[in-house]
Amino acid sequence: MITLSVDDKLASARLIAEMMRRIDPDGTHEEEKDSTAALGKVAELHPDIVWLDIEMPGMNGLELASAIKKKSPFTNIVFVTGHPEYAMEGFALHVSGFLIKPVTEAKILNEIVNLRRPVLLNDHSHIRVQCFGNFEVFDQSGKPMHFARTMSKEAFAYLIHHRGAGVSVAELCAVLWEDRYADTGIKAQCRSVLRSLKMDLKAVHAENVLVKEWNAWSINVAEVNCNYYNFLMGDSYAVNTFRGEYMSQYSWAEMCIGSIVKSASNYFEVPDDWRNDDEDQ
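Residues numbered from 1 in each chain as written. Predicted model: local features only at pLDDT ≥ 70, side-chain atom pairs only at ≥ 80, totals over all residues. Heavy atoms only, no water.

Draft legend 1. Representation of the overall build of the chain. Scanning the chain for helices and strands turns up twelve helices and eleven strands. Taken over 281 residues, the chain has a buried fraction of 48%. A separation threshold of at least 6 residues defines the contact pool for the chain, and within that pool the share at least 24 residues apart is 60%. Accessible area of the chain: about 14400 Å², with a carbon and sulfur share of 50%. (Helix = DSSP H or I, 4+ residues; strand = E, 2+ residues; numbered from the N terminus. Buried < 20%, exposed > 50% of the residue type's maximum accessible area, 1.4 Å probe, protein only. Contact = heavy atoms within 4.5 Å. Areas by Shrake-Rupley, 256 points an atom, 1.4 Å probe, with all protein chains shown as cover.)

Draft legend 2. View of the packing of helix H6 (residues 150–161) against helix H8 (residues 184–203). At a closest axis distance of 9 Å, the pairing of H6 and H8 adopts a crossing angle of 85°. The orientation of H6 with respect to H8, classified from their angle, is roughly perpendicular. Seen from H6, the contacting residues are Met 151, Ser 152, Ala 155, Phe 156 and Leu 159; seen from H8, they are Val 193, Ser 196, Leu 197, Asp 200 and Leu 201. For the contact of H6 with H8, the class distribution of residues is seven nonpolar, two polar and one charged. (Axes fitted to C-alpha atoms, helices over the stretch in contact; angles between N-to-C directions. Parallel < 35°, antiparallel > 145°, perpendicular 65-115°, else oblique. Nonpolar A, V, L, I, M, F, W, Y, C, P; charged D, E, K, R; others polar.)

Draft legend 3. Local environment of the state of the cysteines. Following the criterion strictly, the structure yields zero disulfides and no others. No disulfide involves Cys 131; its sulfur sits 3.6 Å from the nearest other cysteine sulfur, which is in Cys 226. (Disulfide = S-S within 2.5 Å.)

Draft legend 4. Spotlight on the sheet that holds strand S10 (residues 216–219). Taken together, the three strands give an open sheet; going across it, the order is S8-S10-S9, and neighbouring strands pair in antiparallel fashion. Lying at the two open borders of the sheet, with one neighbouring strand each, are strand S8 (167–168) and strand S9 (210–213). Direction of pairing for S8 relative to S10: antiparallel, over a ladder of two bridges. For Val 167, the partnering residue across the bridge sits in S10 and is Trp 217. (Pairing = 2+ DSSP bridges.)

Draft legend 5. Spotlight on the pairing of strand S2 (residues 28–32). Note: strand S1 (residues 2–6) against S2, five bridges, orientation parallel. Note on S2: the bridge partner recorded for Ser 5 is Glu 31. Taken together, S1, helix H1 (residues 10–23) and S2 form a β-α-β motif whose crossover is right-handed. (Right-handed = clockwise from strand over helix to strand, strands pointing away.)

Draft legend 6. Highlighting the nonpolar core. Among the nonpolar cores identified, the biggest contains 52 residues, and Phe 156 and Ile 160 are the most heavily contacted of them. Once you skip the residues sitting within four places of it in the chain, Phe 156 turns out to touch Ile 127, Val 129, Phe 135, Val 137, Phe 147, Leu 197, Leu 201, Val 209 and Ile 219. Within the second largest apolar cluster, 19 residues are counted, among which are Ile 54, Met 56, Ile 68 and Ile 77. (Core = buried A, V, L, I, M, F, W, Y, C linked by side-chain atoms within 4.5 Å.)

Draft legend 7. Broad picture of the packing of aromatic side chains. Scanning all chains against the criterion turns up eleven aromatic pairs. Taking the centre distance of 5.6 Å and the plane angle of 85° together, the rings of Phe 132 and Phe 231 count as edge-to-face. Here Phe 132, found in the loop between strand S6 (127–130) and strand S7 (136–138), pairs with Phe 231, found in helix H9 (residues 227–232); they are 99 residues apart in sequence, far enough to count as distant. For the pair formed by Phe 132 and Phe 231, the shared burial category is buried. With a centroid separation of 5.0 Å and 85° between ring planes, the pair formed by Tyr 158 and Trp 252 is classed as edge-to-face. Of the two residues, Tyr 158 is situated in helix H6 and Trp 252 in the loop between helix H10 (236–241) and helix H11 (257–264); the sequence distance between them amounts to 94 residues. Residue Tyr 158 is classed as buried on the basis of its relative accessible area of 10%. Aromatic ring contacts, followed pair by pair, group Phe 135, Phe 147, Phe 156, Tyr 158, Tyr 250 and Trp 252 into a single cluster. If you follow Arg 128 out to its NZ or CZ, it ends over the ring of Phe 138, 4.2 Å from the centre. (Phe/Tyr/Trp six-rings, centres within 6.5 Å; stacked < 30°, edge-to-face > 60°. Lys NZ or Arg CZ within 6 Å of the ring centre and 35° of its normal.)

Draft legend 8. View of the side chain of Glu 31. Turning to its location among the elements, Glu 31 is positioned in strand S2. Look past the residues within four positions of Glu 31 in its chain and what remains in contact with it is Leu 4, Ser 5, Leu 10, Ala 13, Arg 14, Ala 17, Arg 21 and Lys 41.

Just geometry here; none of it tells us what the structure is for.
Below, the structure is given as structure tokens:
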């Protein structure tokens, strides 16, 4: 999780950041006392949560919240103040929460579990999947995963795209071998590709990602940290890293960009060239 605490009294901002480091030691938790500097950090980090004081010199918390929503639409904003009379004005901005000082870890945790856009404290997945741009898979150490066969990687990309829905061997054959008829020989080759994929995943302790059912294969989405999945759940970082490209090395993925752009347009103004590419398709 990425959080930013903003308060013109730096000690107050630092206190929340320190609490967050105890609550979420694997996350990134920063503090800032200046509104302009804080807005710059929001643009850089796209934090999951901004803990925001209201009474500040210059740009106050209400004004800063409006600016944050434009820079990072999926960031949760939680106002932190000793003045509950600001509550109505704060909620008019559709923020995620309102925390009354003095701040405690219990209060912070209560806000986290009730966020408008939920975030996870821990990620126990064994692999990280990148769908925007070229399709890539990384192991727990951050190294690119090795696929013994090129087709195994493409098969995995297609299963990832289907987000847990079952895909038949015949459908995978149509994707991997395009116009060739899925006869007995092609289906046998496809099963060999899937067995190779299973071994590739086992090598990075992620064998539970691949699910085999009767005549169908799928992905256990709970075992995968995937930026496409995070995008669909409204994760601020995933939304802001989409640049109009999806699994670029695979021709079948081009047909999916339109629906992704449509989803993105619900949250921010997408560039014209994204829309043009969509219309050409």
